[in-house]
Amino acid sequence: MGPLSIGGGDESSSSSSSAKKPLFLTIYATLVIGFLLSSFYVFSALYSSGPGGANTPTTLFTSTPPSATTTTATSISDVNSTRAAPRASDGGGHTANVWTKPIWEVPTPGSKMPPSHTFRLTKELVESRVKDNVIVVTFGNYAFQDFILNWVRHLTDLGVTNLLVGAMDTKLLESLYWEGVPVFDMGSNMSTIDVGWGTPTFHKMGREKVILIDAMLPFGYEILMCDTDMVWLKNPLPYLARYPEADILTSTDQVVPTVVDDSLEAWREESGAYNIGIFHWRATETTIKLAREWKDKLLADDSIWDQNGFNELVHKQLGPPVDEESGLVYAYDGKLKLGMLPASIFCSGHTYFVQAIYQQLRLEPYAVHTTFQYAGTEGKRHRLREGLVFYDRPEYYDSPGGFLSFKPSIPKSLLLGGEHSIESHFVLVNYQMKQIRTALAIASLLNRTLVMPPLWCRVDRMWFPHPGIMPGTMTRQPFLCPLDHVFEVNIMLKEQSEETYGPKIDIREYSFLDNPLVPKQVKESWLDVQLCQEGSADCHASTNTSRPGILRFPKHSNEETAREEKFRNRVKRYTSIWCCVENKEPGHIYYDMYWDEKPNWKPLPPATRADDHPPF
């Protein structure tokens with residue numbers, strides 16, 4: 001068997017601590033020489049200098065100072081009040097426009113938070129950030145602060161500074177102010193926690209978007225409205241300016257491309273819903289009318305999802321085309337000129353992370369929206385991290401216990417042999433899952449953060465029955481699939497009782513070590529971990545061997561039964577489902593971390609409703 005490799009912590013400390021811990025039964029019970037793992041690497045935690053140390057990477061976002069004060073929430077109904085451009089004391093007796101200073105320029109240390117009315121949404125406030133008559137807007141609550149900071153950082157990296165962030169709670173408003181981000185108060189009094197997709201609070205957030213658009217359009221500026229769980233990869237403003245006649249340009253959930261260049265989608269061939277996570281509004285008579293009707297429709301019926309409400313209204317009329325070239329189409333009242341942004345470059349979670357259409361068509365993506373994923377907010381964050389488009393704070397890149405990575409060994413026949421089917425997909429995934437299970441055990445034993453390996457799939461996942469790959473899509477087989485296609489990323493990252501589930505096993509995305517924000521010291525400080533035959537020479541948990549930089553563990557070490565059971569309790573909850581078999585109810589198939597312990601295990605949907613439960 002090849003060496004097991006590990007990363008992050010100096011070698012002496014990692015070996016001395018690990019020598020005191022016996023190896024899990026899980027490791028030796030699942031390990032077959034030359035079959036499971038080709039290599040493990042332990043990366044050093046030598047990089048541990050504190051904030052401001054010589055080795056600390058550039059801080060991406062500043063910290064909220066302790067002097068932050070509470071701001072009273074105001075109502076968005078105040079947006080039409082007439083005020084001069086917001087000004088506040090800088091703490092030294094002078095006044096300064098808090099909206100026109102450069103983004104990321106933090107307030108003067110020791111200064112006070114401006115009064116609450118300073119953050120009311122007014123035309124003058126928006127005007128202070130507008131450029132070329134365009135304002136780029138997102139909004140959210142404190143639970144999405146890191147998404148918002150990431151959103152702002154990507155735009156400022158692209159040179160786009162005509163932006164504003166709406167804060168739905170006071171905690172986020174204060175935090176963004178101290179970060180140097182232009183923020184206004186939406187007066188929503190929203191909870192600061194993650195509300196979850198589809199919940200009543202989620203729907204309330206959607207209504208806030210509509211209320212915001214309705215309030216801002218009369219100001220007369222163009223609005224590029226964005227969800228916080230999307231990222232700008234290229235400045236979109238020149239693209240939007242190519243369609244000056246458009247009243248609305250919207251992203252879509254289209255997964256089958258209708259064009260092969262960067263033109264608007266062919267509206268006659270469009271089958272996906274119009275996705276309101278990215279859309280551009282011009283202030284015209286018909287858009288103002290649409291926004292008002294959309295708002296009234298949602299406020300009159302709590303059961304309507306904001307996106308569905310928009311789609312219903314826009315589809316009141318669809319056609320004829322505005323002209324023969326632009327791709328715009330008359331919609332809604334027959335006057336609204338609508339265009340659909342191409343899903344190949346204004347990407348959904350499927351066209352970007354699964355199909356990678358932009359790569360296949362040799363196009364440059366403008367944006368990615370974390371739709372089409374299956375692990376909630378944690379899954380969205382992990383997707384962006386996998387794609388190297390999420391800015392984390394410096395501590396994320398330097399785990400105190402260090403890192404463990406491994407290079408999987410996958411036979412070519414499992415990737416390319418035979419037909420791509422549900423059966424061959426599960427053979428491939430189960431093979432990888434067994435290796436990951438072993439790696440999780442070693443990471444737990446060594447108190448390391450596991451860098452997950454790339455995960456290969458042969459068939460796609462959806463939330464409805466399908467033949468394995470969506471007809472007409474550009475999904476290649478096999479493909480590198482997001483972790484949330486197989487694993488419950490939100491469960492893997494969730495804090496759980498150690499008494500029941502044993503020590504937490506932290507993870508990082510497969511692309512982690514390719515991230516330029518990972519300190520050089522972490523990447524370069526590593527040693528091999530090898531599983532050896534117990535009783536043979538030099539086979540003990542120590543680095544004191546004839547080969548420097550090698551950490552050797554017996555393959556058949558003893559362990560306490562209690563720890564083994566806690567580990568099993570934890571990791572068997574990590575796996576998700578594949579969905580869904582056609583013409584079968586239920587049609588989903590549960591992945592099983594311990595599939596190999598069940599004789600004649602086969603990838604089949606539950607036979608009855610009583611059998612429809614996870615494998616624990």
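Quantities reported herein were computed from a predicted structural model and do not represent experimental measurements.

**Student:** Help me understand the pattern of salt bridges, please; the structure alone is not making it clear to me.
**Tutor:** Opposite charge on two side chains makes pairing possible when the charged atoms of those side chains draw close. Per the counting criterion, the structure on display carries 25 salt bridges. With a closest N to O distance of 2.6 Å, D146 and R381 form a salt bridge. One end of the pair, D146, is in helix α4 (residues 145-157); the other, R381, is in helix α12 (residues 376-386), with 235 residues separating them in the sequence. For R381, a relative accessible area of 10% corresponds to the buried category. The salt bridge involving D596 is made with K434; its shortest N-O contact spans 3.7 Å. One end of the pair, D596, is in the segment after β25 (589-590); the other, K434, is in helix α14 (residues 422-446), and 162 residues separate them in sequence. Given the relative accessible area of 27%, D596 is considered partly exposed. Because the salt bridges share partners, they merge into one network encompassing D146, E378 and R381.

**Student:** What is the right way to read the pairing of strand β8 (residues 222-226) from this model?
**Tutor:** Looking along a regular strand, one sees the side chains alternate between the two faces of the sheet. The buried fraction of β8 amounts to five of the five residues, a majority that puts the element mostly inside the structure. In β8, alternate side chains face the same way, and those of E222, L224 and C226 on one face and I223 and M225 on the other are all buried. Pairing geometry for strand β5 (residues 134-140) and β8, over four bridges, is parallel. Considered in β8, the bridge of V137 is made with M225. Strand direction decides the pairing type here: β8 and strand β11 (residues 274-281), joined by four bridges, are antiparallel. For C226, the partnering residue across the bridge sits in β11 and is I278.

**Student:** What's the story with the environment of V152 in this structure? I'm lost.
**Tutor:** Looking at the secondary structure, you find V152 in helix α4. Put simply, V152 and V231 are 79 residues apart on the chain and 8.9 Å apart in space, counted from C-alpha to C-alpha. Contacts of V152, omitting those with residues within four sequence positions, involve I103, W104, L163, V165 and V181.

**Student:** Just to check I follow, could you spell out the nonpolar core for this structure?
**Tutor:** Judged by nonpolar contacts, the single largest core of 96 residues is most densely connected at V126, W151, W232, W281, W294 and F310. The element contributing the most residues to this core is α4, with six residues. With near-sequence residues (within four places) excluded, W294 lies in contact with V210, I213, I276, F279, W281, D306, G309, F310 and L313. Core analysis: the next-biggest nonpolar cluster, separate from the first, contains 44 residues, F40, L445, V459 and L483 among them.

**Student:** For this particular structure, what's the right way to read the environment of Q521?
**Tutor:** Relative to the elements of secondary structure, Q521 occurs in helix α17 (residues 520-524). Taking relative accessible area as the criterion, Q521 reaches 30% and is therefore assigned partly exposed.

**Student:** Sorry if this is basic, but what is going on with the sheet that holds strand β9 (residues 230-232) here?
**Tutor:** If you trace the three strands from one edge of the open sheet to the other, you get β9-β16-β15, paired in mixed fashion. Strand pairing shows two members of the sheet lacking a second neighbour, β9 and β15 (346-347), which therefore form its edges. Here β15 runs beside strand β16 (residues 367-369); their pairing, made up of two bridges, is parallel. Across the sheet, F346 pairs through a bridge with A367, a residue of β16.

**Student:** What's the story with the confidence of the model for the protein in this structure? I'm lost.
**Tutor:** Low-confidence regions, as indicated by low pLDDT, have predicted coordinates that should not be scrutinised in detail. On average, residues of the protein score 83 in pLDDT, and 77% of them reach the 70 mark or higher. Segment residues 543-547 is flagged for pLDDT under 50; beyond a separation of four residues in sequence, or across chains, it makes nine contacts in the model.

**Student:** Explanation requested: the packing of aromatic side chains in the structure shown.
**Tutor:** Any aromatic ring pair is given by two values, namely how distant the centres are and how the planes are angled relative to each other. In the structure shown here, the tally under the stated rule is 25 aromatic pairs. Between the aromatic rings of F279 and F310, the centroid separation amounts to 5.6 Å while the plane-to-plane angle is 85 degrees, which identifies the pairing as edge-to-face. With a gap of 31 residues between them, F279 in strand β11 and F310 in helix α9 (residues 306-314) connect regions that are remote in the sequence. By the burial criterion, F279 is buried, and F310 matches it. Both rings, one in W281 and one in F310, keep their centres 6.2 Å apart while their planes meet at 50 degrees; by these two values the pair is tilted. Taken together, the residues span a long stretch of sequence, with W281 in strand β11 and F310 in helix α9 at a distance of 29 residues. For W281, a relative accessible area of 0% corresponds to the buried category. When its relative accessible area of 0% is taken as the criterion, F310 is described as buried. Taken together, the aromatic side chains of W232, Y239, Y243, F346 and Y366 make up a single cluster linked through ring pairs. Over the ring of W104 we find R153; its NZ or CZ atom is 4.1 Å from the centre of that ring.

Basis of the calculations
Residues numbered from 1 in each chain as written. Predicted model: local features only at pLDDT ≥ 70, side-chain atom pairs only at ≥ 80, totals over all residues. Heavy atoms only, no water. Salt bridge = Lys/Arg side-chain N within 4 Å of Asp/Glu carboxyl O. Helix = DSSP H or I, 4+ residues; strand = E, 2+ residues; numbered from the N terminus. Buried < 20%, exposed > 50% of the residue type's maximum accessible area, 1.4 Å probe, protein only. Pairing = 2+ DSSP bridges. Contact = heavy atoms within 4.5 Å. Core = buried A, V, L, I, M, F, W, Y, C linked by side-chain atoms within 4.5 Å. pLDDT = per-residue confidence, 0-100. Phe/Tyr/Trp six-rings, centres within 6.5 Å; stacked < 30°, edge-to-face > 60°. Lys NZ or Arg CZ within 6 Å of the ring centre and 35° of its normal.

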